[in-house]
Amino acid sequence: MITFVLIGVTALVSWLAFKDRKLADRLVLWPPAVDRHKQYDRLVTYGFIHADFPHLLFNMITLFFFGRLVEKLMTSITGHWWVYLLFYLSALVVSILPSYLKNQKNPNYLSLGASGAVSAVLFAFILVSPWSLIFVFFIPAPAILYAVFYVGYSIWMDKKGGDNVNHSAHLAGAAYGVMFMLLMEPGLLQHFLQALMNPSFGR
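Definitions and limits used
- Residues numbered from 1 in each chain as written.
- Predicted model: local features only at pLDDT ≥ 70, side-chain atom pairs only at ≥ 80, totals over all residues.
- Heavy atoms only, no water.
- Buried < 20%, exposed > 50% of the residue type's maximum accessible area, 1.4 Å probe, protein only.
- Helix = DSSP H or I, 4+ residues; strand = E, 2+ residues; numbered from the N terminus.
- Arc of directions from axis to C-beta.
- Contact = heavy atoms within 4.5 Å.
- Salt bridge = Lys/Arg side-chain N within 4 Å of Asp/Glu carboxyl O.
- Expected span 1.5 Å × (residues − 1).
- Phe/Tyr/Trp six-rings, centres within 6.5 Å; stacked < 30°, edge-to-face > 60°.
- Core = buried A, V, L, I, M, F, W, Y, C linked by side-chain atoms within 4.5 Å.

Caption draft 1: Quick peek at helix H10 (residues 187–197). Residues Leu188, Phe192 and Ala195 constitute the buried set of H10. The buried residues of H10 occupy one face: seen down the axis, they fall within an arc of 70°. More than 90 degrees from the buried face of H10, the exposed residues found are Gln190 and Met197. Buried residues along H10 sit in contact with helix H7 (115–128), helix H8 (143–160) and helix H9 (167–184).

In structure tokens form, the structure reads like this:
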């Protein structure tokens, strides 16, 4: 399954980067390297390294629980396994673009981690199953309510700043996850609205 491959590759590359500063420096999103040296691969590779083990663990656990379901659904709808892989890799690019464009000339800006793409996966799942229970720090919450809180908090923190978290990438990734699903299968909008009006917790 592609989800397991993504988790395995991300874990391996992150672990290697923890031990090799030169590797981390080459893979991290550093806008001047993209702008001046045309290292466009950084728009993807930044998502395969992480700041530390907890950062890696949180993203990969989230991807494990929701990625498998989204992968199965996308494969079922399109009949092609590679659509989910394309979705994930393109989510890495789309989610970081606002940050990259804003900091294109900023030599002090760095960004890393799979959070943007993981947000895309999570919100793709929420579109399909808005009343499923998501455990947030072991506390169950309906997915749609978590989504509202997540977006509101990310907008607030993005404006406030100061916590070294790329909330802009979270927001862009979440929006992309929803848009990709709707472009792939427009009927999911009606499904979402019907599900929203008929709460069925835990499903």
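Caption draft 2: Focus on the pattern of salt bridges. Inspection of the entire model under this criterion finds 3 salt bridges. The shortest N-O distance in the salt bridge between arginine 26 and aspartate 41 comes to 3.1 Å. Of this pair, arginine 26 sits in helix H2 (residues 21–27) while aspartate 41 sits in the loop between helix H3 (31–37) and helix H4 (42–45), placing them 15 residues apart in sequence. Residue class for arginine 26 comes out partly exposed when judged on its relative accessible area of 32%.

Caption draft 3: Expanded view of H9. Spanning 18 residues, H9 covers 26 Å between terminal C-alpha atoms, matching the ideal 26 Å at 1.5 Å per step. The complete set of buried residues in H9 reads His167, Ser168, Ala169, His170, Ala172, Gly173, Ala174, Tyr176, Gly177, Phe180, Met181 and Met184.

Caption draft 4: View of the packing of aromatic side chains. As enumerated under the stated definition, the model contains 11 aromatic pairs in all. Their ring planes at 10° and their centres at 6.1 Å tell us that phenylalanine 87 and tyrosine 176 sit as a pair that is stacked. Residue phenylalanine 87 is found in helix H6 (residues 82–102), and its partner tyrosine 176 is found in helix H9; the two are separated by 89 residues along the sequence. Residues phenylalanine 87 and tyrosine 176 agree in their burial class; the two are buried. Between the aromatic rings of phenylalanine 149 and tyrosine 153, the centroid separation amounts to 5.9 Å while the plane-to-plane angle is 15°, which identifies the pairing as stacked. On the criterion of helical spacing, the pair formed by phenylalanine 149 and tyrosine 153 is a turn pair, its members being 4 residues apart in helix H8. Residue classification places phenylalanine 149 among the exposed residues on the basis of a relative accessible area of 56%. Clustering of aromatic rings is evident, with ring pairs tying together Tyr84, Phe87, Tyr176 and Phe180.

Caption draft 5: Spotlight on the nonpolar core. Judged by nonpolar contacts, the single largest core of 48 residues is most densely connected at Leu63, Tyr84, Phe87, Tyr88 and Ile126. Elements that contribute at least two residues to this core include exactly helix H1 (2–19), helix H5 (53–78), H6, H7, H8, H9 and H10. With 10 residues, the top contributor of residues to this core is H7. In terms of nonpolar packing, the next biggest core, distinct from the first, is built from 5 residues, Ala17, Ala24, Leu27 and Ile49 among them.

Keep in mind these values describe shape, not function.
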